[in-house]
Amino acid sequence: MAMRTRALVSEFLGTLLLVFFAVGCAVLAVRFIGTQGVALAFGFVLLALAYALGPISGCHVNPAVTLGMLCARRIDVATAIGYWIAQFVGGIAGAALLFLLAKQVPGFQAAGAFGSNGYGDRSDVRINTGGAFLAEVVLTFLLVFVVLGVTHRVAVVGFDGLPIGIALAVIHLIGIPLTGTSVNPARSLGPALFAGGAALSQLWLFIVAPLVGGLLAALVHRLTHPAGEERTIADEVAAA
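From a predicted model like this one, the values you see are computed outputs, not experimental measurements.

1. Quick notes on empty space enclosed by the protein
Next up, step 1: Overall, the coordinates contain 3 cavities of 30 Å³ or more when judged by the stated rule.
Next up, step 2: Reported here for the largest cavity is a volume of approximately 170 Å³.
Next up, step 3: If you go around the largest cavity, you meet 20 residues; those closest to its centre are Leu46, His60, Val61, Asn62 and Leu143.
Next up, step 4: The element best represented in the lining of the largest cavity is helix 1 (residues 3-57), accounting for 4 residues.
Next up, step 5: Looking at side-chain class alone, the lining of the largest cavity contains 13 nonpolar, 6 polar and 1 charged residues.

2. Overview of the side chain of Thr179
Next up, step 1: With respect to the secondary-structure elements, Thr179 resides in helix 5 (residues 161-179).
Next up, step 2: According to the relative accessible area criterion, Thr179 is buried, its value standing at 3%.
Next up, step 3: Setting aside its immediate chain neighbours within four residues, Thr179 contacts Asn117, Gly118, Ile127, Ala132, Glu136 and Phe206.

3. Some thoughts on the nonpolar core
Next up, step 1: The biggest cluster of nonpolar side chains holds 48 residues, and the ones touching the most others in it are Leu18, Phe42, Phe114 and Leu143.
Next up, step 2: Elements represented by at least two residues in this core include exactly helix 1, helix 2 (63-71), helix 3 (77-102), helix 4 (129-151), helix 5, helix 6 (185-195) and helix 8 (203-224).
Next up, step 3: With 15 residues, the single largest contributor to this core is helix 1.
Next up, step 4: Setting aside anything within four residues of it in sequence, one finds Phe42 in contact with Leu18, Ala22, Val23, Leu168, His172 and Arg187.
Next up, step 5: Among the nonpolar cores identified, the runner-up in size contains 7 residues, and Tyr119, Ile127, Ala132 and Ala209 belong to it.

4. Brief notes about the confidence of the model for the chain
Next up, step 1: Averaged over all residues, the pLDDT of the chain is 91; the fraction at 70 or higher stands at 91%.
Next up, step 2: Contacts of residues 231-240 to residues separated by more than four positions or lying in other chains number 19 contacts, the stretch itself having pLDDT below 50.

Conventions we followed
- Sequence order sets the numbering: in each chain, residues are counted from 1 along the sequence as written.
- For this predicted model, a pLDDT threshold of at least 70 governs which residues receive local features, and a threshold of 80 or more governs which side-chain atom pairs are given and counted, while totals over whole chains, interfaces and linings are taken from all residues.
- In computing side-chain values, all of the structure's heavy atoms are included and hydrogens and water are not.
- Throughout, the protein atoms alone are placed on a 1 Å grid, and a set of points is a cavity if a 1.4 Å probe fits but cannot get out or a pocket if it is open with protein on both sides within 12 Å along at least five of seven lines; lining residues have an atom within 4 Å of a point.
- Grid points are joined across faces, edges and corners, and a volume is the space filled by probe spheres set on the points.
- Secondary structure is summarised from DSSP: a helix means a run of H or I of at least four residues, a strand means a run of E of at least two, and numbering begins at the N terminus for each.
- Three residue categories are used. Nonpolar comprises Ala, Val, Leu, Ile, Met, Phe, Trp, Tyr, Cys and Pro, charged comprises Asp, Glu, Lys and Arg, and polar comprises the others, including Gly.
- Only protein chains enter the accessibility calculation, which uses a 1.4 Å probe; a residue whose area is less than 20% of its type maximum is buried, one above 50% is exposed, and one in between is partly exposed.
- Any two residues having at least one pair of non-hydrogen atoms within 4.5 Å are treated as being in contact.
- In this text, buried Ala, Val, Leu, Ile, Met, Phe, Trp, Tyr and Cys residues form a nonpolar core when linked through side-chain atoms within 4.5 Å.
- Values of pLDDT, which run from 0 to 100, indicate the predictor's confidence residue by residue.

Below you can see the structure in the form of structure tokens.
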């Protein structure tokens, strides 16, 4: 299988597994593990995926991370588009699989919730639209900035996955009460499709704000990290 095809399959599978297991904890297990447990679930799943899929695709599993990589000139436009498609389809597939499992639980209701993100009366702290937008931008900025800062290349290798997983867990610790924490448009799209209602009408924010955060992270990264150290996707393919 060609390296590029393997990378696309990895992005699809990684996003599917992130949504199924991490969002699954929010949907099915929060009563038992609490919001701290959900935060750790997101961090641990991404950490595991970084080691499993990082050498193949970089384990972006997040359109905002892919945008950051594109702006940092570590991948080309064609690769970014392929990753975005794989991530969104993977997010929907993961949510569908989670929905199928959750429906086996007596009394389960997906309407209006199902691990979707929200603001206003759908936020635990009733954060308003502007506050939710700002929160998602800043939280995504941290995630993408850490990814760009620790990798300096397309792939996640060595201990690169550890700070990325820790960052995502910390992001969820503060973000869950605010918006439920998106920082990932693909993670938000899948659950919102099954939750419907207000989850869909508010979805735009959890697509736009993380992308803005990813873009800002890439711009700031160019100021804080010297140019010329990054490897491109072509380097990664040549080294495979």
